[in-house]
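Residue-level structural notes
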Amino acid sequence: MATKIIYFTVNGRPEQAEFPVDCPAQDVKDLFRSAAEAGPHDILKLYNPKGNIINISPSLEPNSPNSCYKLEVVAADCNSDPLGAELAGALGFDLSSMEKRLQSLEKKILFEAGETPAVVYEMKKQVDSFREKLESVEHLSWLGLFKDLSEGTHKPSPFYHKRTLRKTREECEHVREKFLQMSSLEVSEEVRQYLKTPTFDNWQWEDAEIMVLLQVMYTDLDFIATFNIEPEVLQQFLFEVYRRYNNIPFHNFKHCFCVTQMMYGLIWLTDLRSKMDSVDLLIMLTSAVCHDLDHTGYNNVYQINARTELALRYNDISPLENHHCAVAFEILERTDSNIFRNLSVDQYKRIREGIIKCILATDMTRHNEILSKFKFILPAFDFTNKDHRDVLMMILIKVSDISNEARPMEVAEPWLDCLLQEFYNQSDVEKLEGLPVTPFMDRDKVTKPSSQTGFIRFVLLPLFIELANLFPCLEHHIIDPVRKALDYYTEMEKALEREKKNWAQSENAAKSKEVAVGRQDSQTEAGPEASKPDIQ
């Protein structure tokens, strides 16, 4: 059986893992969890020699002892007692030491045998199957315990076009349970600092882990203490938000996180905590969290042209953005998920007004109007002026909403692929329904580079540059990466044009050759007499 050997360090201690190339992903994660002596709900991340987070999976690239990966427990339950301390006392032995003994035995078997024996994999498989049945049956009878439940568990496909638009109850409950198990974890200082930067990579974090990071943002901005937000209410709020983002390629829960994380990073980078009060910061962060709730993957143009329920309800005026606001306040109307429930009436009124203003500002049809206002007040911008602050808050959520190109290319480019998939889906439906086709979404006319060069040049850069005029520190953090992205897509566009031109020339040459061969064949068939001149 072919195996892989992965060399890595844990707290500076060298380790190595060996597993079959077809090893199940969960077994690989369990192997690394064992090496780190991590709890079952701790969050582990693996870093390559460049310092980038990489996925712990069977597809890990084999390395050498000189190019070790680094394994870290980035979030652990630091407040809990030793594992099973109370139960251990009742049973008369230490469960923690037993767990460590089992982990060392597992490593010893791996070291001495050279690979994990097949019998261990079989035992793990049986235990997992047994555990799944325990979790799936309603009554723990022997009949129920051993009945075949394989057909009753529906696992959604990872491909969006094969998933239901709304998240299933099972999908939500699985993530909810995982999040609640992780919610008391103490996230490492390294990750907390990384979370404040525009270079943060969302792709290596699962939904439950993302909810933990959102909880960290509310905590580190002192919102929990300042606004008396109970932890369980914040957790329920974040879960309801997760539940109300749909299974679509781009405007999904991960996009919600990216926009919120960029907003969070901008608050720290520009030191807004010293310039604006906590209520404004709470408005901005919560607006980012809620800004695309229940998006179905079809923009306002489609909603209006198709005369959807949303377009009719909101009289064609920002139907999506109005809907996102309405869903946000549906969640906040519920006592168990109302993070503002301990605020005064005046504070709540101000926050509601601010969130509505921010979310409605994300309608791109208002882009020029909002940017013009900001440019007008910029020369004499005054943080004590409420109107000035309101416009800045709208600019900040706009920047955050379309900030993917300010991230490293390996983070940004997959997001563009997701966006184009959503665009192409809409234009396909428009064609099928006989509606006007949105030009920048038409798969027959738009390419990856052509979709970006104009957008970056005429929308992104002018917006980002104006914000950097107020906060010069952002030049390095968000404008330089966007300029690099423009260069990247401009070169890609030129390469595609050259390829298209070469292809056209090849086609023309091939056609000319066919015509020449055809003439020669005709003359050959007609014989030598056909080529003689006709003499009268």
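Computed from a prediction, not measured in an experiment: that's the story for all the values here. (Residues numbered from 1 in each chain as written. Predicted model: local features only at pLDDT ≥ 70, side-chain atom pairs only at ≥ 80, totals over all residues. Heavy atoms only, no water.)

1. As for the pairing of strand 5 (residues 69-76)
Extensive coverage of strand 5 is indicated by the burial of 6 of its 8 residues. Relative to strand 5, strand 1 (residues 3-10) is paired through 3 bridges, and the arrangement is parallel. Bridge pairing in strand 5 links Val-10 to Leu-71. Of the strand pairs in this sheet, strand 3 (residues 43-47) and strand 5 are connected by 5 bridges, and their pairing is antiparallel. Pairing of Leu-44 across the sheet is with Val-73, part of strand 5. Relative to strand 6 (residues 186-187), strand 5 is paired through 2 bridges, and the arrangement is antiparallel. (Buried < 20%, exposed > 50% of the residue type's maximum accessible area, 1.4 Å probe, protein only. Helix = DSSP H or I, 4+ residues; strand = E, 2+ residues; numbered from the N terminus. Pairing = 2+ DSSP bridges.)

2. Description of the packing of helix 10 (residues 231-244) against helix 15 (residues 319-333)
Direction vectors running N to C along helix 10 and helix 15 enclose 145°, while the axes themselves pass 10 Å from each other. Handedness of the helix 10/helix 15 crossing: right-handed. Of helix 15, the residues touching helix 10 (which contributes Phe-237, Glu-240, Val-241 and Arg-244) are Val-327, Glu-330, Ile-331 and Leu-332. Its residues assigned to classes, the contact of helix 10 with helix 15 shows 5 nonpolar, no polar and 3 charged. (Axes fitted to C-alpha atoms, helices over the stretch in contact; angles between N-to-C directions. Left-handed = near helix turned anticlockwise from the far one by under 90°. Contact = heavy atoms within 4.5 Å. Nonpolar A, V, L, I, M, F, W, Y, C, P; charged D, E, K, R; others polar.)

3. Observations regarding the UniProt feature "active site" (unreviewed entry) in the chain
Look at the UniProt record and you will see "active site" (unreviewed entry) annotated at His-251. With respect to the secondary-structure elements, His-251 resides in the loop between helix 10 and helix 11 (253-269). For His-251, a relative accessible area of 15% puts it in the buried group. Setting aside anything within four residues of it in sequence, one finds His-251 in contact with Tyr-245, Asp-292, His-295 and Glu-422. Here Glu-422 takes part through its side chain, which lies 2.5 Å from a polar atom of the side chain of His-251. (UniProt positions renumbered as here; feature names shortened; annotations may be inferred. Polar contact = N/O pair within 3.5 Å; in protein donor to acceptor, adjacent residues only side chain to side chain.)

4. Here we look at unusual backbone geometry
The phi dihedral of Asp-222 is positive, around 65°, even though this residue is not glycine. With respect to the secondary-structure elements, Asp-222 resides in the loop between helix 8 (207-220) and helix 9 (223-226). Although it is not a glycine, Ser-318 adopts a positive phi angle of roughly 40°.

5. Things to note about the confidence of the model for the chain
Looking at the chain as a whole, the pLDDT averages 87, with 81% of positions reaching at least 70. In this model residues 81-88 is a low-confidence stretch, pLDDT under 50, and it forms 8 contacts with partners more than four residues away in sequence or in other chains. Across residues 135-161, confidence stays below pLDDT 50; counting only partners more than four residues off in sequence or on other chains, it has 23 contacts. (pLDDT = per-residue confidence, 0-100.)

6. Some words on the environment of Ser-450
Looking at where Ser-450 falls in the secondary structure, it is placed in helix 20 (residues 448-470). Ser-450 sits in the partly exposed class, given a relative accessible area of 30%. Taking C-alpha positions, Ser-450 is 9.9 Å from Leu-496, a pair spaced 46 residues apart along the chain. One polar contact links the side chain of Ser-450 to the main-chain amide nitrogen of Thr-447, over a distance of 2.9 Å.

7. A few points about the pattern of salt bridges
Going through the model one piece at a time under the given rule, you end up with 32 salt bridges. Linking Lys-386 and Glu-353 is a salt bridge whose minimum nitrogen-to-oxygen distance equals 3.6 Å. Of the two residues, Lys-386 is situated in helix 18 (residues 386-401) and Glu-353 in helix 16 (residues 345-360); the sequence distance between them amounts to 33 residues. A salt bridge links Asp-428 to Arg-443; the nearest nitrogen and oxygen atoms lie 2.6 Å apart. Here the residue Asp-428 occupies a position in helix 19 (residues 409-433), and Arg-443 occupies one in the loop between helix 19 and helix 20, the gap between them amounting to 15 residues. Residue Arg-443 is classed as partly exposed on the basis of its relative accessible area, which comes to 39%. Where salt bridges share partners, they join Glu-240, Arg-243, Arg-334 and Asp-336 into one cluster. (Salt bridge = Lys/Arg side-chain N within 4 Å of Asp/Glu carboxyl O.)

8. Considerations on the side chain of Glu-209
Tracing the backbone shows Glu-209 in helix 8. A distance of 3.0 Å separates polar atoms of two side chains, one belonging to Glu-209 and the other to Lys-45.

9. Brief notes about the side chain of Asp-401
If you trace the backbone, Asp-401 turns up in helix 18. No salt bridge is formed by the buried Asp-401. Its closest oppositely charged neighbour is Lys-398, at 7.2 Å. There is a polar contact of 3.3 Å between the side chain of Asp-401 and the side chain of His-255. A polar side-chain atom of Asp-401 sits 3.1 Å from a polar atom in the side chain of His-291. (Lys, Arg positive; Asp, Glu negative; His and termini not counted.)

10. What about the state of the cysteines?
Here the structure, examined in full by the defined rule, presents 0 disulfides. Cysteine Cys-256 is unpaired, with the sulfur of Cys-290 as its nearest cysteine sulfur at 7.6 Å. Given the relative accessible area of 0%, Cys-256 is considered buried. No disulfide involves Cys-258; its nearest neighbouring cysteine sulfur is the one of Cys-256, lying 9.1 Å away. (Disulfide = S-S within 2.5 Å.)

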